[in-house]
Amino acid sequence: MPKNPVGHWNSASGYDDYRSKYDAAMRDVPAPAAVHDIRTEFGLVRGYRFAGAQGNRHPLVLLPGTSSGTPVWADNLKSLLAITDVYAIDLLGEPGMSIQSKPITSDADKAAWLDQTLAALPEKRFNLLGLSIGGWTAMNLAVRRPDRIATVTTLDAVFVYDGLPLEVVVRSLPATVKWLPRSWRDSFNSYTAGGKPVEHMPVADMIESGMKNYTMRQPQPHRITEEQLADLPMPVLAIIAGRSVMHDPAKARSTAERALRTKTVAFYPDASHAVNGEYPDRIASDLRGFLDTHDTP
């Protein structure tokens, strides 16, 4: 029997386990003003709208890290909503409330579903904020379909300013084996978070359940090249964690400082890859300053 060509839950019980943990983690998130299920060529994309500070600012669109979804922003939303309205999106083809219905076979497909999602929202332009693979997702759209993007901010993005280290690839392999005990997945998630314990934390429980119960079916992203970074028409803020294991932080910083047209790079020397939960107020402050200069109505 051929493999299911789209991302899917492995069983009804696995989905129920994830959904219960997703809902528990969402209790730490402010109540959304609206919930959107947006139909795209590749499936139904779940988005939440949060009402923030009023003004001339374009809204933020938050793109989470892999296997996480909207609840990963629980520590960030309060300070981000003091800046502007926020949309949070669950990535298509990943664990979350989005539902993939058509194979995603290329980076161009990944840009297409996100562009179609933004096209369905009432605003015309957006400030993108992406964490980890969400940062790559934002930059992939910026490279391929930039018209709806006012600015991009990446939080320790992978496959953008440096490649993935071999050690990360090796350490991640046991975490992808569904039948291994939870401790293997928790160990990898703790490793990416700078060694911090992750057991019995709502967001970590949700991520572990997604890793165990959901099978992704899409190709690994191609790294964004320096030439592509240099050619981007919109301003980009790169926030890089100094203790990240997901790339060489010094190399990533050097690439961003060399390639980005606006030279807007913020380096957090003591941050791990879990930077969004470690420095939510600093991120919001740096983002506000960046948008004050570069987000023009």
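Everything numeric in this text was worked out from a predicted model, so none of it was measured. (Residues numbered from 1 in each chain as written. Predicted model: local features only at pLDDT ≥ 70, side-chain atom pairs only at ≥ 80, totals over all residues. Heavy atoms only, no water.)

A. Spatial organisation of the packing of helix α3 (residues 107-119) against helix α4 (residues 133-144). Where α3 contacts α4, the two axes come as close as 9 Å, and the packing angle between them is 90°. Classified by the angle between their axes, α3 and α4 sit roughly perpendicular to one another. Residues D107, A108, K110, A111, L114, D115 and L118 of α3 touch α4, and the partners they reach there are W136, T137, N140, L141 and R144. Across the contact of α3 with α4, the residue classes tally to six nonpolar, two polar and four charged. (Axes fitted to C-alpha atoms, helices over the stretch in contact; angles between N-to-C directions. Helix = DSSP H or I, 4+ residues; strand = E, 2+ residues; numbered from the N terminus. Parallel < 35°, antiparallel > 145°, perpendicular 65-115°, else oblique. Contact = heavy atoms within 4.5 Å. Nonpolar A, V, L, I, M, F, W, Y, C, P; charged D, E, K, R; others polar.)

B. Examining the packing of aromatic side chains more closely. One pass over the full model with this rule turns up six aromatic pairs. Both rings, one in Y268 and one in Y279, keep their centres 5.6 Å apart while their planes meet at 70°; by these two values the pair is edge-to-face. Of this pair, Y268 sits in strand β11 (residues 264-268) while Y279 sits in the loop between α10 (275-278) and α11 (280-294), and the two are eleven residues apart along the sequence. Grouped by ring-pair contacts, the aromatic residues W9, Y15, Y18, Y22 and Y214 constitute a single cluster. Taking the ring centre of F42 as reference, the NZ or CZ of K102 above it sits at 5.0 Å. In this arrangement the basic side chain of R282 is found over the ring face of Y268, its NZ or CZ atom lying 3.7 Å from the centre. (Phe/Tyr/Trp six-rings, centres within 6.5 Å; stacked < 30°, edge-to-face > 60°. Lys NZ or Arg CZ within 6 Å of the ring centre and 35° of its normal.)

C. Looking closely at the environment of L77. Structurally, L77 can be placed in helix α2 (residues 77-81). Beyond its immediate stretch of four places on either side in the chain, L77 contacts V29, P30, F50, L62 and V86.

D. Representation of the pairing of β11 in the model. Residues T264, A266 and Y268 line the buried face of β11, whereas the alternating positions V265 and F267 sit on a face that is not buried. By the bridge criterion, five bridges tie strand β10 (residues 236-241) to β11 in an arrangement that is parallel. Bridged to A241 within β11 is Y268. The handedness of the β10 to β11 crossover, carried by helix α9 (residues 249-259), is right-handed. (Buried < 20%, exposed > 50% of the residue type's maximum accessible area, 1.4 Å probe, protein only. Pairing = 2+ DSSP bridges. Right-handed = clockwise from strand over helix to strand, strands pointing away.)

E. Quick look at unusual backbone geometry. One non-glycine residue with positive phi stands out, namely S132, at about 55°. Its place among the elements puts S132 in the loop between β7 (126-131) and α4. Phi angles above zero are rare outside glycine, and F159 is one such case at about 60°. Residue position: F159 is located in the loop between β8 (149-155) and α5 (166-175).

F. Representation of the nonpolar core. Residues W113, L128, M139, V152, Y161 and L229 are the most contacted members of the largest nonpolar core, which totals 43 residues. Counting only elements with at least two residues in this core, the list comes to β4 (60-63), β5 (86-89), α3, β7, α4, β8, β10 and α9. The greatest single-element share of this core, amounting to six residues, is contributed by α4. Ignoring any residue separated from it by four or fewer positions in sequence, one finds M139 in contact with V152, T154, V160, Y161, I224, L229, L232 and V236. Core analysis: the second largest hydrophobic core is formed by 37 residues, Y22, V29, A88 and A266 among them. (Core = buried A, V, L, I, M, F, W, Y, C linked by side-chain atoms within 4.5 Å.)

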